[in-house]
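Each chain, written out:
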Amino acid sequence: MYGVCGCCGALRPRYKRLVDNIFPEDPEDGLVKANMEKLTFYALSAPEKLDRIGAYLSERLSRDVARHRYGYVCIAMEALDQLLMACHCQSINLFVESFLKMVRKLLESDKPSLQILGTNSFVKFANIEEDTPSYHRSYDFFVSRFSEMCHSSYEDPDIRTKIRMAGIKGLQGVVRKTVNDELQANIWDPQHMDKIVPSLLFNLQSGERTESRSPSPLQASEKEKESPVELTERCFRELLGRAAYGNIKNAITPVLMHLDNHSLWEGKTFAVRCFKIIMYSIQSQHSHLVIQQLLGHLDANSKNSATVRAGIVEVLLEAAAIAASGSVGPTVLEVFNTLLRQLRLSVDYELTGSYDGSTNIGTKIIKAHEERQLQEAVIRTIGSFANTLPTYQRSEVMLFIMGKIPVPGVHLALPSTGSGPEGTRMIQVMLLKSLVQVTAGFQTTNMLTALPSSFLEPLLSFSLTEDPEVRLLVLQILLSLIDRHDNRPKFSNISIISDISVLKLKVDKCSRQDNLFMKKHGQQLYRHIYLGCKEQSSGRQHYETLFALLGLLSVELANEEVVVDLIRLALALQDLALSTDEALPVYNRCAVHALAAAYLNLICQLTTVPAFCQHIHEVIEVRQKESPFLLPEDVFIDHPKLPSSLEKVEGDVLFLQSKITEVLGGSGYNTERLATPYVPQYTDEDRLSKRKSIGETISVQVEVESRNSPEKEERTPAEEITFETLKNAIVDSVGMEEQERERRRQVVEKFQKAPFEEIAAHCGARATLLQSKLNQIFEITIRPPPSPSGTISSGYGQTQSRSVPIYEMKFPDLCVY
């Protein structure tokens with residue numbers, strides 16, 4: 001019997017004998033290294049035997065697992081790992097099948113140590129770059145099993161942590177093995193991503209810290225690297241970093257779903273952290289795809305609670321700020337369009353108390369304060385995103401938002417809502433607040449192109465509304481647009497400053513573009529400043545902002561002509577405060593006096609004309625002694641001390657236009673223009689009855705002042721347009737059309753029936769008349785050149801006109817540059 005057994009053993013295939021020899025009698029002794037080297041040498045010498053070696057090792061391992069001989073299981077896996085690392089030949093594919101079968105066997109085991117052992121072997125295999133592709137290998141089981149391990153709920157916390165970390169490493173291995181192999185099953189398919197991404201987020205959330213570090217945690221300590229959170233973050237970053245253009249959506253969708261399913265938008269911190277990791281990890285040119293998906297998700301959650309929408313908006317805010325460093329692609333206006341739509345919906349929800357627009361309370365209770373928080377978040381996001389854009393794109397965004405502001409009675413840029421007039425007013429306020437954010441820090445060299453009439457004129461028209469909040473927002477927007485040297489904070493308080501050098505104002509020479517801008521829009525700005533001071537509902541903030549606007553115009557856009565106009569405007573404001581026709585309250589009249597005094601004190605020091613400064617300072621000194629309520633220090637305070645009436649404001653407490661004209665005229669300023677009192681150009685809308693809405697105040701046209709037609713010229717009062725006027729115009733136009741048709745018919749009939757001689761005589765008479773008119777025109781316009789010696793008498797008693805030197809000629813304004 002003994003001899004027969006020995007004979008059978010000797011007849012066994014050599015590879016089996018080599019495999020058997022690596023296992024010691026006592027598993028505690030570990031792998032027999034000398035025999036392992038023989039087996040490795042044999043596998044390298046005869047690679048065609050590699051698949052049989054793998055199959056036999058797999059058979060032994062399955063038997064040892066079933067018999068709970070875990071020592072031999074570890075030895076078999078160690079042998080497999082060494083063979084795998086040593087053999088890189090074309091026959092390795094079949095060997096890998098046996099290897100993966102053994103790893104699967106270990107992962108299916110209930111024993112944590114075997115699961116971790118199998119995972120470690122798989123990770124080693126994942127790091128091997130195979131020479132030949134595999135057409136049939138599947139990793140579906142491994143994705144499912146590793147994902148399941150990531151969610152392990154083992155009782156012992158230490159073992160649970162080890163299992164979860166093994167699962168994370170396994171997923172990382174699957175990604176590494178499949179992501180670059182086009183012949184493999186696509187790891188980016190939703191069925192795989194829906195398992196991998198939530199598993200990673202679950203572990204990321206379990207050890208959530210307050211804030212994620214910069215793009216990659218390279219300086220983490222060894223202890224931190226061993227934590228599941230750090231490992232998960234590295235794996236998540238690696239996954240996203242490998243995502244190509246077409247795979248971004250599949251990678252981000254499970255993130256959105258996970259945050260939805262576990263109500264993680266409300267907390268904001270985790271959602272923000274997730275998307276910071278995403279934005280820093282993906283390729284920068286793909287950033288706009290993430291922004292696009294967030295926008296779509298925000299729209300999909302339009303009827304969700306305000307806290308959820310606010311969370312998405314906060315995430316969008318962070319993501320947009322990071323995306324600015326890369327490419328934002330075609331989503332610029334889409335971002336603003338979605339945010340503005342959410343703003344309008346939020347206003348509707350707040351006012352109607354329902355998500356469906358009806359007056360009945362919906363199934364979800366809408367909390368007004370949460371909607372307000374959402375609105376503030378949306379406005380912040382609009383501003384943050386706009387600040388990342390170049391100037392030309394920001395100008396487009398400003399125009400875009402301006403076109404969205406509803407103007408009742410003129411046009412409805414937004415669909416009608418169930419929230420009524422109050423909703424419209426709130427939307428106007430919200431969109432203007434958005435414009436304040438967008439224009440913050442806006443700087444441009446050419447204001448004409450950056451701020452076209454299509455933006456400025458609608459904006460200025462909003463300053464005519466009765467709503468004080470809207471007027472204040474318009475003024476703040478104007479300040480942001482005009483301030484290009486950060487001078488605005490220096491005009492934040494109205495006060496009499498004896499020496500403005502302490503303000504350290506930055507004043508640059510006015511460029512040609514700035515001069516053109518003021519020629520085109522200056523009169524509109526003056527007019528709206530004047531009318532803003534005239535409003536009874538204007539308060540302290542309004543006057544402080546108007547003073548800042550006057551100050552910025554003086555240092556940013558002022559040439560000599562603008563300075564003259566601003567001085568005239570300040571004197572006109574003084575006249576406005578003196579006038580009793582406007583029925584302004586005492587506070588408003590004192591405030592306008594104080595505003596005019598503070599501004600004249602500023603402009604006189606900017607012009608550096610000593611006599612002008614002396615007159616202004618003399619008046620201010622008199623006011624300080626006799627009428628302190630006409631100076632800003634006594635008016636623009638919390639509890640101003642004002643007289644009951646302003647009947648005796650006269651004499652030395654007033655700035656005199658004649659005196660200012662005299663002293664500035666001596667310094668080369670245009671005395672004729674200075675002596676002309678400023679009168680604002682009223683449009684038809686200003687003459688209508690008391691304004692009730694923005695729609696009734698918008699200026700359809702604004703007359704631009706011409707130097708040859710000063711304001712003192714009398715203008716004919718506009719005819720009031722009524723229904724009867726329109727009806728008569730329509731009827732008259734119909735009658736005129738009938739008369740014109742009849743006249744044409746008669747002319748045609750005459751040329752058809754009249755004799756030729758009569759037609760020829762008629763046309764000849766018309767030609768003679770035309771020639772005589774032309775001769776008259778030529779006589780007037782074409783004359784012989786005048787003599788340089790002036791008007792002289794010729795020998796025939798005729799006079800010749802004297803030529804005028806060029807420097808004495810009076811050219812029309814349009815000819816002068």
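Above this text is the structure in question.
Remember, predicted model here, so these are calculated numbers, not experimental data. (Residues numbered from 1 in each chain as written. Predicted model: local features only at pLDDT ≥ 70, side-chain atom pairs only at ≥ 80, totals over all residues. Heavy atoms only, no water.)

*Asks:* Tell me about the overall build of the protein, and please be specific about residues and values.
*Replies:* For the protein, the helix and strand inventory stands at 34 helices and two strands. Put simply, the protein has 817 residues, and 47% of those count as buried. At a minimum sequence separation of 6, the contacts of the protein that also span at least 24 residues come to 73%. Here the protein displays about 41,800 Å² of accessible surface, and carbon together with sulfur accounts for 53% of that area. (Helix = DSSP H or I, 4+ residues; strand = E, 2+ residues; numbered from the N terminus. Buried < 20%, exposed > 50% of the residue type's maximum accessible area, 1.4 Å probe, protein only. Contact = heavy atoms within 4.5 Å. Areas by Shrake-Rupley, 256 points an atom, 1.4 Å probe, with all protein chains shown as cover.)

*Asks:* Report on the nonpolar core, specifying residues and quantitative values.
*Replies:* Grouped together as the largest cluster of nonpolar side chains are 222 residues, with contacts concentrated most on Leu57, Phe236, Trp265, Phe275, Leu459, Ile567 and Phe612. Two domains each provide a minimum of three residues to this core, namely domain 1 (1-130) and domain 2 (498-686). The contacts of Leu459, once residues within four sequence positions are left out, are Met402, Leu432, Val474, Ile477, Leu478 and Leu481. (Core = buried A, V, L, I, M, F, W, Y, C linked by side-chain atoms within 4.5 Å. Domains from an automatic or database assignment.)

*Asks:* Report on the environment of Pro640, specifying residues and quantitative values.
*Replies:* Mapping Pro640 onto the fold places it in the loop between helix H29 (632-635) and helix H30 (657-665). On the basis of relative accessible area, Pro640 is assigned to the partly exposed category, the value being 27%. As for Pro640 and Tyr587, which are separated by 53 residues in sequence, their C-alpha atoms are 8.6 Å apart. Discounting residues that sit within four places of it in the chain, Pro640 has contacts with Tyr587, Asp634 and Val635.

*Asks:* Got a sec to walk through the packing of aromatic side chains? Specific residues and values, please.
*Replies:* All chains considered together, the criterion is met by 15 aromatic pairs. Their ring planes at 50 degrees and their centres at 6.2 Å tell us that Tyr139 and Phe142 sit as a pair that is tilted. Phe142 carries the same exposure label as Tyr139, and that label is buried. Aromatic ring contacts, followed pair by pair, group Phe99, Phe122, Phe125, Tyr139, Phe141, Phe142 and Phe146 into a single cluster. Positioned over the ring face of Phe23 is Arg60, at 4.0 Å from the centre of the ring. Cation over ring: Lys177 sits above Phe125, and NZ or CZ is 4.5 Å from the ring centre. (Phe/Tyr/Trp six-rings, centres within 6.5 Å; stacked < 30°, edge-to-face > 60°. Lys NZ or Arg CZ within 6 Å of the ring centre and 35° of its normal.)

*Asks:* Tell me about the side chain of Arg237, residues and numbers included.
*Replies:* The residue Arg237 is located in helix H12 (residues 228-241) in this model. Side chain to side chain, Arg237 and Ser281 meet in a polar contact 3.5 Å long. (Polar contact = N/O pair within 3.5 Å; in protein donor to acceptor, adjacent residues only side chain to side chain.)

*Asks:* Give me unusual backbone geometry: which residues, what numbers.
*Replies:* Located in the positive-phi region is His68, a residue other than glycine, with phi close to 60 degrees. The exposed category is assigned to His68, whose relative accessible area is 55%. In the Ramachandran plot, Lys504 falls in the positive-phi region, its phi being about 55 degrees despite a non-glycine side chain. By the element assignment, Lys504 lies in the loop between helix H23 (468-482) and helix H24 (512-534). Owing to a relative accessible area of 66%, Lys504 belongs among the exposed residues under this scheme.

*Asks:* Go over a negative patch on the surface, please, and point to the residues and values.
*Replies:* Taken together, the side chains of Glu618, Glu621, Glu626 and Asp652 present a region of like negative charge at the surface. If you trace the backbone, Glu621 turns up in helix H28 (residues 610-626). (Patch = residues over 30% accessible without salt bridge, like charges linked within 9 Å, V, L, I, M, F, W, Y side chains within 5 Å. Salt bridge = Lys/Arg side-chain N within 4 Å of Asp/Glu carboxyl O. Lys, Arg positive; Asp, Glu negative; His and termini not counted. Charge placed at Lys NZ, Arg CZ, Asp CG, Glu CD.)

*Asks:* Let's hear about a nonpolar patch on the surface: which residues, and what values?
*Replies:* A contiguous nonpolar surface patch, about 360 Å² in accessible area, is contributed by Leu770, Leu774, Ile777 and Phe778. Counting through the fold element by element, Leu770 comes out in helix H34 (residues 756-781).

*Asks:* I'd love a proper account of the environment of Arg484, names of residues and values included.
*Replies:* Checked against the element boundaries, Arg484 lands in the loop between H23 and H24. Considered as a pair, Arg484 and Lys506 are 22 residues apart in the sequence and their alpha carbons are 9.5 Å apart. Here Arg484 is in contact with Gln443, Thr444, Thr445, Met447, Asp514, Glu556 and Leu557, once residues within four sequence places are set aside. Of note is the side chain of Arg484, whose polar atom sits 3.3 Å from the backbone oxygen of Thr444.

*Asks:* How would you explain helix H5 (residues 70-86) if you had to name every residue and give the values?
*Replies:* Given a rise of 1.5 Å per residue, 17 residues ought to cover 24 Å, and the 24 Å separating the end C-alpha atoms of H5 matches this to within 8%. Turning to H5, its buried residues number three or more, namely Tyr72, Val73, Ile75, Ala76, Met77, Ala79, Leu80, Asp81, Leu83 and Leu84. (Expected span 1.5 Å × (residues − 1).)

*Asks:* Got a sec to walk through H12? Specific residues and values, please.
*Replies:* A rise of 1.5 Å per residue sets the reference length of H12, with its 14 residues, at 20 Å; its end C-alpha atoms lie 20 Å apart and thus fit the reference within 8%. When H12 is considered as a whole, its buried residues turn out to be Pro228, Val229, Glu230, Leu231, Thr232, Glu233, Cys235, Phe236, Arg237, Glu238, Leu239 and Leu240.

*Asks:* Let's hear about the pattern of salt bridges: which residues, and what values?
*Replies:* Across all of its chains, the model carries 26 salt bridges by this definition. With its nearest N and O atoms 3.2 Å apart, the salt bridge here joins Arg242 to Glu238. Assessed through its relative accessible area of 17%, Glu238 is described here as buried. A salt bridge links Glu561 to Lys519, with the nearest nitrogen and oxygen atoms 3.9 Å apart. On the criterion of sequence distance, the pair formed by Glu561 in helix H26 (residues 560-578) and Lys519 in helix H24 is long-range, its members being 42 residues apart. Given a relative accessible area of 29%, Glu561 falls into the partly exposed group. Each of the salt bridges in this network shares a partner with another, and the network as a whole consists of Glu422, Arg425, Lys433, Asp467 and Glu469.

*Asks:* Residues and numbers for the packing of helix H17 (residues 332-352) against helix H19 (residues 391-404), please.
*Replies:* Helix packing for two helices is described by the angle between their axes and how far apart those axes are. Where H17 contacts H19, the two axes come as close as 11 Å, and the packing angle between them is 30 degrees. Between H17 and H19, the angle is such that the two are roughly parallel. Between H17 and H19 the crossing geometry is right-handed. Where H17 abuts H19, its residues Val332, Leu333, Phe336, Asn337 and Leu340 lie against Gln393, Val397, Phe400, Ile401 and Lys404. Of the residues belonging to the contact of H17 with H19, the class tally is seven nonpolar, two polar and one charged. (Axes fitted to C-alpha atoms, helices over the stretch in contact; angles between N-to-C directions. Parallel < 35°, antiparallel > 145°, perpendicular 65-115°, else oblique. Left-handed = near helix turned anticlockwise from the far one by under 90°. Nonpolar A, V, L, I, M, F, W, Y, C, P; charged D, E, K, R; others polar.)

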